[in-house]
Amino acid sequence: MKSEVLKNKRGIGKLAIKMLVLVMLICVATVCNSENAAAKKKAYIKASKYVGKYGLNGDSGSYEEGGYTITIKKIYGNKVKFKLNRWGMMASPSCTSNTIVATIKGKTAKFKFKDIEQMQKGNGTLTFNKDKSLTLKVKVTKYEYGPGYGLDIKKSKFYSI
């Protein structure tokens, strides 16, 4: 009788271990599927789609009227490397950011910058849109020579030029 009870206990133990392994496999499969789904959601931010030069409202600007451009130099992993450039009428004054490297989370990169010509500092967001355009918002937080012309821009759309 005792040997039958021991066999049943061992059988139950083996069954419990098999059930535990099965539950673990299901959990791993669920986590992998959710990570793959999240990766697929972000998939439209690809270097081949976004590397290049963008102008405010698709305009490359002119010497007479000025302009504002974004140059996306490189996208690698979840990083984007770019520069901002703004110039006024007759190309004066001009503002050019340092080369900015920002981390992309979802479809948006938050960044800090320095303006190498007007000696300004600030921050902003660069959003990658599904239609291959960019949305830029920039706020200057420090003016070296006092408030004036800078890289400030309210939320605006930029298109490839």
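Here, the structure is the one placed above.
Fair warning: this is a prediction, and the values are worked out from it, not measured in the lab.

Participant: Mind showing me how you'd approach the pairing of strand 2 (residues 67-76) here?
Facilitator: Residues in a regular strand point their side chains to alternate faces of the sheet. Here strand 1 (residues 52-56) runs beside strand 2; their pairing, made up of four bridges, is antiparallel. Residue pairing in the sheet places Gly52 in a bridge with Ile72 of strand 2. Strand direction decides the pairing type here: strand 2 and strand 3 (residues 79-87), joined by nine bridges, are antiparallel. Across the sheet, Gly67 pairs through a bridge with Trp87, a residue of strand 3. Connecting strand 2 to the antiparallel partner strand 3 that follows it, the hairpin turn spans two residues, and Gly77 within it adopts a positive phi of roughly 60 degrees.

Participant: Quick question: what am I supposed to make of the packing of aromatic side chains here?
Facilitator: How two aromatic rings sit relative to each other is set out by the distance from centre to centre and by the angle between their planes. Tallying each qualifying case throughout the model produces four aromatic pairs. Look at Phe82 and Phe111: their rings are 5.1 Å apart centre to centre, the planes differ by 85 degrees, and that puts the pair in the edge-to-face class. Taken together, the residues span a long stretch of sequence, with Phe82 in strand 3 and Phe111 in strand 6 (residues 108-115) at a distance of 29 residues. In terms of burial, Phe82 and Phe111 fall into one category: buried.

Participant: How should the pattern of salt bridges be read in this particular structure?
Facilitator: When charged atoms on two side chains of opposite charge get close, those side chains can pair. Under the defined criterion, the tally for this structure stands at one salt bridge. For Lys157, the salt bridge identified is with Asp131, shortest N-O distance 3.3 Å. Taken together, the residues Lys157 in strand 9 (residues 153-160) and Asp131 in the loop between strand 7 (120-128) and strand 8 (134-143) connect sequence positions 26 residues apart. When its relative accessible area of 45% is taken as the criterion, Asp131 is described as partly exposed.

Participant: Just checking my understanding: could you explain the nonpolar core for this structure?
Facilitator: Proteins that are soluble and globular tend to have nonpolar side chains buried together. Core analysis: the biggest nonpolar cluster contains 26 residues, and Ile70, Phe82, Leu84, Phe111 and Leu136 have the highest contact counts within it. Of all the secondary structure elements, the ones that give two or more residues to this core are strand 2, strand 3, strand 5 (100-105), strand 6, strand 7, strand 8 and strand 9. If we ignore the near neighbours within four places in the chain, the residues touching Phe111 are Phe82, Leu84, Ile100, Ala102, Gly122, Asn123, Gly124, Thr125, Leu126, Leu136, Lys137 and Val138.

What counts, and at which threshold
- Residues numbered from 1 in each chain as written.
- Predicted model: local features only at pLDDT ≥ 70, side-chain atom pairs only at ≥ 80, totals over all residues.
- Heavy atoms only, no water.
- Pairing = 2+ DSSP bridges.
- Helix = DSSP H or I, 4+ residues; strand = E, 2+ residues; numbered from the N terminus.
- Phe/Tyr/Trp six-rings, centres within 6.5 Å; stacked < 30°, edge-to-face > 60°.
- Buried < 20%, exposed > 50% of the residue type's maximum accessible area, 1.4 Å probe, protein only.
- Salt bridge = Lys/Arg side-chain N within 4 Å of Asp/Glu carboxyl O.
- Core = buried A, V, L, I, M, F, W, Y, C linked by side-chain atoms within 4.5 Å.
- Contact = heavy atoms within 4.5 Å.

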